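Residue strings, one per chain:
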Amino acid sequence: MKLNAELKDRLAAEYVLGTLRGPARERVRRLLPREIAAWEQRFAPMAQSVAPVAPAARVWRAVERRITPRPRFAFWRTIGLMASGAVAALIAVAVLLPPQRAAIPASYIAVLSDPKTNHPVLIATAERRDALLRVKVLDPAIEVPGRSLQLWALPRQGAPRSLGLLSGEMKLIAAADQTLADVPALAVSLEPPGGSPTGQPSGPVLYSGPCVKYW
Amino acid sequence: MAPPAQTLDELLARSAQGDRAAFARLYQASAAKLYGVALRILRREDWAEEVLQECYVSIWRHAAEYRPAMAAPMTWMTSIVRNRCLDWLRRPNPEPLAGDALESIEDENPGPLAALEASRDGAALARCLGALESRQRQAIAAAFLHGLTHAELARELREPLGTVKTWVRRGLARLRSCLEAQR
């Protein structure tokens, strides 16, 4: 999109004013950050002139709940407790997911939820003979600037096994049938940049959910 | 332990490092202002509360992306709230505007300009808004403060869509040149 300066300025102004709507809004946000910042500054006093209204205390309580990490000890034992909601979400997602790329549906599907809201935040799928885990993030806000998100397999027996830092396509060390067969749940922990230094989750577990083999 | 942060910049910087106490103070210092902005646009407490909650979670997660050189902290946070409100209104099947929209638009003429006088930048903006034709000013203030689209403005002001779009466009262009002349 090549635009002259005047048109750029007009689009940025209408973006900040709020009259620019539809898909154009998203494009302008991406393409014209400098022009937008200038108009936000021009209109800032008007935004600040709006009379303050104290929000109900429940708003902060809800925010606090959502930003407070869960205790890190033995987190995988609590998964059973919250699995019921997550299983419902898993079934809903499996039914509603549009048919994917190939004709073969994924064999393994995991849906990880935020335990505080029970909302699913990401889906991981793998075909049984592939050493590849595809991760679809449903809530882009899960990224934490300056920190890494690490994905863990929680096997029926033994300690969590790292599957690597969260990304769209994650290489497994072997075919899913070997790596995920005995893994009833996956979890994501918040780690220093680059991942846990210890080989075990070192930060809080933010999301977790059942990993189910469909066929 | 470091002394407590005082300014919004410092509180944001600490929040970016995961300091939840600093973030709580940031909330205390800014929530009423941002809730006022959200309530003005959404006009429903339940919606405004939900948007406010989303926005603070987003501010917590993205605090490290705040660039002091680009905007003051309140401007940055306000734009997050305004964007979320406008996205919210853009949802499929939005409910119709509350019936008092027209009334509150009429209030804008020239009501809230008085509140702008407090700061130097605010005084410049108030002067330049005041120099616009009243209908341009009314359309711009209503769009900004209440999150109205061109079509909603046209309906509320009982004018053709094209006319309202022209008011907005010309008003913004004049506003810009006036503000630049003031600097």
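Everything below is about the structure printed above this text.
To start, this report covers the structure provided alongside it. (Residues numbered from 1 in each chain as written. Chains lettered and ligands numbered in written order. Predicted model: local features only at pLDDT ≥ 70, side-chain atom pairs only at ≥ 80, totals over all residues.)

Focus: helix α10 (residues 161–182) of chain B
The first and last C-alpha atoms of α10 of chain B sit 32 Å apart over 22 residues, in line with the 32 Å expected at 1.5 Å per residue. In this structure, the buried side of α10 of chain B is in contact with α1 (5–17) of chain A together with α7 (120–130), α8 (134–146) and α9 (150–157) of chain B. (Helix = DSSP H or I, 4+ residues; strand = E, 2+ residues; numbered from the N terminus. Expected span 1.5 Å × (residues − 1). Contact = placed C-beta atoms within 7 Å.)

Thoughts on the pairing of strand β7 (residues 185–191) of chain A
All names here are of chain A. For β7, a buried count of seven out of seven residues is recorded, marking the element as mostly surrounded by other parts of the structure. Side chains Ala185, Ala187, Ser189 and Glu191 of β7 all project onto a buried face; the interleaved residues Leu186, Val188 and Leu190 project onto the opposite face, where all are buried too. As paired strands, strand β4 (residues 148–154) and β7 are joined by seven bridges and run antiparallel to one another. Of the residues in β7, the one forming a bridge with Leu149 is Leu190. With five bridges connecting them, β7 and strand β8 (residues 205–213) associate as antiparallel partners. Looking at the pairing, Ala187 lines up with Ser208 of β8. (Buried ≥ 20, exposed ≤ 12 C-beta atoms within 10 Å, placed from the backbone. Pairing = 2+ DSSP bridges.)

Here we look at the interface of chain A and chain B
Contacts between the two partners involve 34 residues from chain A and, on the opposite side, 50 residues from chain B. Here the side of chain A that touches chain B takes eleven residues from helix α3 (residues 33–49) of chain A, the largest share from any one element. Split into classes, the residues belonging to the side of chain A that touches chain B amount to 23 nonpolar, six polar and five charged. (Nonpolar A, V, L, I, M, F, W, Y, C, P; charged D, E, K, R; others polar.)

Points about the packing of helix α1 (residues 8–16) of chain B against helix α2 (residues 20–42) of chain B
Residues and elements named next belong to chain B. Interhelical geometry of α1 versus α2 gives an angle of 140° and a closest axis separation of 8 Å. Of the possible angle classes, the one that applies to α1 and α2 is oblique. Crossing of α1 over α2 shows left-handed handedness. Along its contact with α1, which presents Leu8, Leu11, Leu12, Arg14 and Ser15, the element α2 presents Ala22, Phe23, Arg25, Leu26, Ala29 and Ser30. (Axes fitted to C-alpha atoms, helices over the stretch in contact; angles between N-to-C directions. Parallel < 35°, antiparallel > 145°, perpendicular 65-115°, else oblique. Left-handed = near helix turned anticlockwise from the far one by under 90°.)

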